[in-house]
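Here's the letter readout for the chains.
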Amino acid sequence: MLRFIFVTFCLTLVLMGANSVHNTQDINRDNHDYVGRGKSTKSGAYSSEETTASFWRSQANATLFERLKKTANTNLAKNVIMFLGDGMSITTIAAARALLGQRDKKPGEETQLSFEKFPFVGLSKTYCVDRQVADSACSATAYLCGVKANEATIGVTAAVKLGYCKEMNNETNHVPSIAHLFQMKGKKTGIVTTTRITHASPAGVYAHTAHRDWEADSHMPDAKNCKDIALQLIHGETGKNLNVIFGGGRAYFIPKGQSDNDQQPGVRLDSRDLIKEWKEQKGNAKHEYVHDLPGLKGLQHDTEYVLGLFSSDHMDYNLDRNKNVQPSLAEMTVKAIRLLSQGEKGYFLFVEGGRIDQAHHATLAHKALDETIEFQKAVQAAVDITGESETLIVVTSDHAHTMTLNGYPERGNNILGIGGKGKDKLPYTTLSYANGPGEHGDGKRPDLTNADLNNPNFKYPSYVPLKDETHGGEDVAIFARGPWAHLLVGVTEQNVIAHVMKYASCVGPEGEPCGNGSANIVPSLLIPLLSLLAIAFAQRVL
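Starting afresh in each chain, residues are numbered from 1 along the sequence in its written order. Local features in this predicted model are restricted to residues of pLDDT 70 or higher, and side-chain atom pairs are both shown and tallied only at a pLDDT of 80 or more, whereas totals for entire chains, interfaces and linings draw on every residue. Think of the side-chain values as coming from all heavy atoms in the structure, minus any hydrogens and water.

Novice: Before we move on, could you go through the environment of Glu410 and cite the residues and values that matter?
Specialist: Numbering of helices and strands starts at the N terminus; helices are DSSP runs of H or I of at least 4 residues and strands are runs of E of at least 2. Structurally, Glu410 is set in the loop between strand E10 (403–405) and strand E11 (418–421). Type-normalised accessible area, obtained with a 1.4 Å probe on protein chains alone, sets the label of each residue: buried when under 20%, exposed when over 50%, and partly exposed for intermediate values. Glu410 gets classed as partly exposed once you look at its relative accessible area, which sits at 22%. Measuring from C-alpha to C-alpha, the distance between Glu410 and Pro107 comes to 9.8 Å, with 303 residues separating the pair along the chain.

Shown next, in the form of structure tokens:
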């Protein structure tokens, strides 16, 4: 009887699959929108093994058995590292993996970025309280503070409207970040970013402001009554206790009329030198201020507080930076982990690949993908020097972008190149944007036949002409490994991410639910065990 039921079930699946193929063929046969598709001529782009069923079955079984070995880690997360790829949409991930593989002389589509190997994956819903499409400020408040907020506000509830200083000063509207909670438990904390350290995403770690643009007093209408973001970093309750601060934006910390380490002028109007004030504030604690790669490399790991400002403004794109002067995201990340690891109680580290987003805003797809590849290098560097048993690593994005990966390009086609031709006989790129400052051709599609698509500064075509390309409103991915990473699966409101990190590390107020390591892991082991038994039973029956 069991044999009959099992065989019937298998035959049903086969028939369903056959019907699905038949229906797909019918759909394709009726679809006439195949301009530029043509016949495949690049069979050499993939291995001959891929033309066999055994290759794909073997690949699928390897994946299956690898996942069956995974169990839920319910240890206490001594350390939490959150990686934020700013603007790293799922399309960006797919295109970046292709570029990474093609740089290694492979077709590219089969490549995996470092964080794509993490065992747990979910989706994050990114909208603000008042906007369908998020910006980096309200989203930072969500994933770092656990509360959704209004567009362009940071570290405050949605009771604070954009630009309202009085509401911002009302501390009942402030929401603490996960970094602040770590500090309250005596743990070390740090920030690493390739943007200005006062930019929206990193500011979510320490600031409470009614406007993300209030990075310095010169950018504020009422600087006498409201504190700018740079000032909050140096003197705010969370900012002053950060052990590691790495990023750009020196000009926002020094007064107008004074030059920084690169001989660039400061922008502050209050005559305050916040770098000097930071040094004075640290007193006898071992501290260092650094401004370039040699300074970063020279830091001793027992340094308790480090302020590293590596550029007057945003740090340079990786493809533009002087690699002897400005550190890479991976170099900053490794140094930050080494410094924070000196604490016995653990640490929280926020790492942002911030220039992914800025490249997209300029429709510089080449640079956006390169910045994503640099980002995944930093993730791998962190994986290499931390232990999965006690360190929760979360990789996600704050919002998407309007870049699409489209057409019918052949396997292994240059991801930065031409994807086909339109009905107007003009070529189109595989990557393009729904809006932005890219090529428009004076109301007509531009002829890209002779375009230099290998130029990192080539602006990819966009449909709606805008000064800056906008964000996208679709969900973004969450990748997680380590203690309680299995809670970050399914479709999740973005603010839940902060609560999972808090739960995993037990840094919330007394009485809040906490993953203190006492949970019984038997249920988590039961699922893969039952799966293995089911496979064994099936093999025996057949």
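Still more ground to cover, so stick around.
Novice: Break down the confidence of the model for the chain for me, with residues and values.
Specialist: With 86% of its residues at a pLDDT of 70 or more, the chain shows a mean pLDDT of 89. Considering only residues more than four positions removed or in separate chains, one finds that residues 518–532, a stretch of pLDDT under 50, has 12 contacts. A score between 0 and 100, pLDDT records how confident the predictor is in each residue. The contact definition used throughout considers only heavy atoms, calling two residues in contact when any of these lie within 4.5 Å.

Novice: Account for the environment of Gln183, with residues named and values stated.
Specialist: When you line up the elements, Gln183 lands in helix H6 (residues 178–184). Separated by 59 residues in the primary sequence, Gln183 and Leu242 place their C-alpha atoms 8.3 Å from one another. The definition of a polar contact used here is a pair of N or O atoms within 3.5 Å, where within protein one atom must be able to donate a hydrogen and the other to accept one, and adjacent residues in sequence count solely through side-chain atom pairs. In terms of polar contacts, Gln183 uses its side chain to reach the side chain of Thr189, at 3.0 Å.

Novice: Got a sec to walk through the state of the cysteines? Specific residues and values, please.
Specialist: Here, the term disulfide refers to a pair of cysteine sulfur atoms separated by no more than 2.5 Å. Tallied over the entire structure, the rule returns 3 disulfides. For Cys165, the disulfide goes to Cys226, at an S-S distance of 1.6 Å. Here the disulfide of Cys165 and Cys226 is right-handed, its torsion about the S-S bond being about 115°. Linking Cys165 in helix H5 (residues 165–169) with Cys226 in the loop between helix H7 (200–203) and helix H8 (229–235), this pair joins segments that are 61 residues apart in sequence. Among the residues examined, Cys226 registers a relative accessible area of 3% and is labelled buried. Between the sulfur atoms of Cys506 and its disulfide partner Cys514 the distance amounts to 1.6 Å. Here Cys506 and Cys514 share a disulfide; its torsion about the S-S bond, 110°, makes the bridge right-handed.

Novice: Just give me the short version of the UniProt feature "binding site: Mg(2+)" (unreviewed entry) in the chain, but keep the residues and values in it.
Specialist: UniProt positions are given in the numbering used here, feature names are shortened, and annotations may be inferred rather than shown by experiment. Feature annotation in UniProt places "binding site: Mg(2+)" (unreviewed entry) on Asp86, His199, Ser201 and Glu352, given in this structure's numbering. The named residues occupy 267 residues along the chain; their greatest pairwise C-alpha distance, 11.3 Å, places them in one compact cluster. Within the secondary structure, Asp86 is located in the loop between strand E1 (79–85) and helix H3 (90–103). Each residue touching Asp86, except ones within four places of it in the same chain, is listed here: Ser136, Ser201, Glu352, Gly353, Gly354, Ile356, Asp357, Ser397, Asp398 and His399. According to the relative accessible area criterion, His199 is buried, its value standing at 11%.

Novice: Any details on the sheet that holds strand E8 (residues 391–396)? Residues and values, ideally.
Specialist: Within the open sheet, the 10 strands sit side by side as E5-E6-E4-E3-E7-E1-E8-E16-E2-E17. Their pairing is mixed. Two strands lie at the open edges of the sheet, namely strand E5 (287–290) and strand E17 (490–493), each paired on one side alone. Sheet twist, expressed as the mean angle between neighbouring strand axes with direction ignored, is 15°. Sitting on the sheet, helix H14 (residues 496–505) is in contact with E1, strand E2 (120–125), strand E7 (347–353), E8, strand E16 (476–481) and E17, with an inclination near 170° to E8. Strand pairing is assigned whenever DSSP identifies at least 2 bridges connecting the two strands. The convention used is that axes are lines fitted to C-alpha atoms, helices contributing only their stretch in contact, and that angles between N-to-C directions extend from 0 to 180 degrees.

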